[in-house]
Amino acid sequence: SVGEMMVTASFGVFAEFGLNLDGKTNYGRGVACGGRRYDTASGFKKPNTRFVWVAPSVAELNITDGGVVFKVTTASGSRDSFRNNQVSFFANEQLPVPIAGAA
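Described in the following lines is the structure provided in the data block. (Residues numbered from 1 in each chain as written. Predicted model: local features only at pLDDT ≥ 70, side-chain atom pairs only at ≥ 80, totals over all residues. Heavy atoms only, no water.)

**Focus: the layout of surface pockets**
Gaps left between atoms show up when a probe the size of a water molecule is rolled over them.
Link 1 in the chain: Of the volumes computed, that of the largest pocket is approximately 440 Å³.
Link 2 in the chain: Taken together, the elements giving at least two residues each to the lining of the largest pocket come down to α1 (58–61), β6 (67–75) and β7 (83–90).
Link 3 in the chain: Here the lining of the largest pocket is built from residues that sort into 13 nonpolar, four polar and one charged. (1 Å grid on protein atoms, 1.4 Å probe; cavity = no way out; pocket = protein on both sides within 12 Å on 5 of 7 lines; lining within 4 Å. Points joined across faces, edges and corners; volume = space filled by probe spheres on them. Helix = DSSP H or I, 4+ residues; strand = E, 2+ residues; numbered from the N terminus. Nonpolar A, V, L, I, M, F, W, Y, C, P; charged D, E, K, R; others polar.)

**Some points on the nonpolar core**
Link 1 in the chain: One finds Val 7, Ala 9, Phe 11, Phe 14, Leu 21, Val 31, Tyr 38, Leu 61, Val 68 and Phe 70 forming the largest nonpolar core, which totals ten residues.
Link 2 in the chain: At the level of elements, β1 (4–9) and β6 are the ones that each hand at least two residues to this core. (Core = buried A, V, L, I, M, F, W, Y, C linked by side-chain atoms within 4.5 Å. Buried < 20%, exposed > 50% of the residue type's maximum accessible area, 1.4 Å probe, protein only.)

**Observations regarding the pattern of salt bridges**
Link 1 in the chain: Summed over the entire model, instances satisfying the criterion amount to two salt bridges.
Link 2 in the chain: The salt bridge involving Arg 29 is made with Glu 16; its shortest N-O contact spans 3.4 Å. Of this pair, Arg 29 sits in the loop between β2 (13–14) and β3 (31–32) while Glu 16 is found in the loop between β2 and β3, placing the two residues 13 residues apart along the sequence.
Link 3 in the chain: Looking at Glu 16, the relative accessible area reads 25%, which means it is partly exposed.
Link 4 in the chain: Asp 39 serves as the salt-bridge partner of Arg 37, at 3.1 Å between the closest nitrogen and oxygen.
Link 5 in the chain: In this structure Asp 39 comes out as partly exposed when scored by relative accessible area, which is 22%. (Salt bridge = Lys/Arg side-chain N within 4 Å of Asp/Glu carboxyl O.)

**A closer look at the pairing of β1**
Link 1 in the chain: Here β1 shows a clear split, with Met 5, Val 7 and Ala 9 buried on one side and none of Glu 4, Met 6 and Thr 8 buried on the other.
Link 2 in the chain: Alignment of β1 against β6, held across six bridges, turns out to be antiparallel. Bridging across to β6, Thr 8 finds its partner in Lys 71.
Link 3 in the chain: Relative to strand β4 (residues 37–39), β1 runs antiparallel, the two being bridged by three bridges. Counted as the bridge partner of Met 6 is Asp 39 from β4. (Pairing = 2+ DSSP bridges.)

**Describing unusual backbone geometry**
Link 1 in the chain: Residues other than glycine seldom take positive phi values, yet Cys 33 does so here, at roughly 55°.
Link 2 in the chain: Looking at the element boundaries, Cys 33 is found in the loop between β3 and β4.

**Points about the environment of Phe 90**
Link 1 in the chain: You can see Phe 90 is positioned in strand β7.
Link 2 in the chain: Look at Phe 90 and you get exposed, because its relative accessible area is 53%.
Link 3 in the chain: Separated by 21 residues in sequence, Phe 90 and Val 69 place their C-alpha atoms 8.9 Å apart.

**Section: the environment of Asn 84**
Link 1 in the chain: Structurally, the position occupied by Asn 84 is in strand β7.
Link 2 in the chain: Counting along the chain gives 13 residues from Asn 84 to Lys 71, while the straight-line C-alpha distance between them is 7.2 Å.
Link 3 in the chain: In this view, Asn 84 contacts Val 72 and Thr 73; residues no more than four positions away in its chain are not counted. (Contact = heavy atoms within 4.5 Å.)

What follows is the structure, given as structure tokens:
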């Protein structure tokens, strides 16, 4: 069976692409917990799975140490154990502001 995954961010929100990451929500929503968690049903079926995450405001980050923690929980099958990992990213004010509409 194909595995599943869940990505959680301590701040910011994920854009909704549906449980199957196909842009349709008729099979269920992927975003939960006020936009801070994304659960997938399609798991690893798609080799190029992408999540769109919208960063928090500077004011929201200032109430922390400036970091955002992403946690990933995966299982490669319904009978396999969960695997967990996490990474922290910190704001870099020296980066240029993205150009509106740039892809």
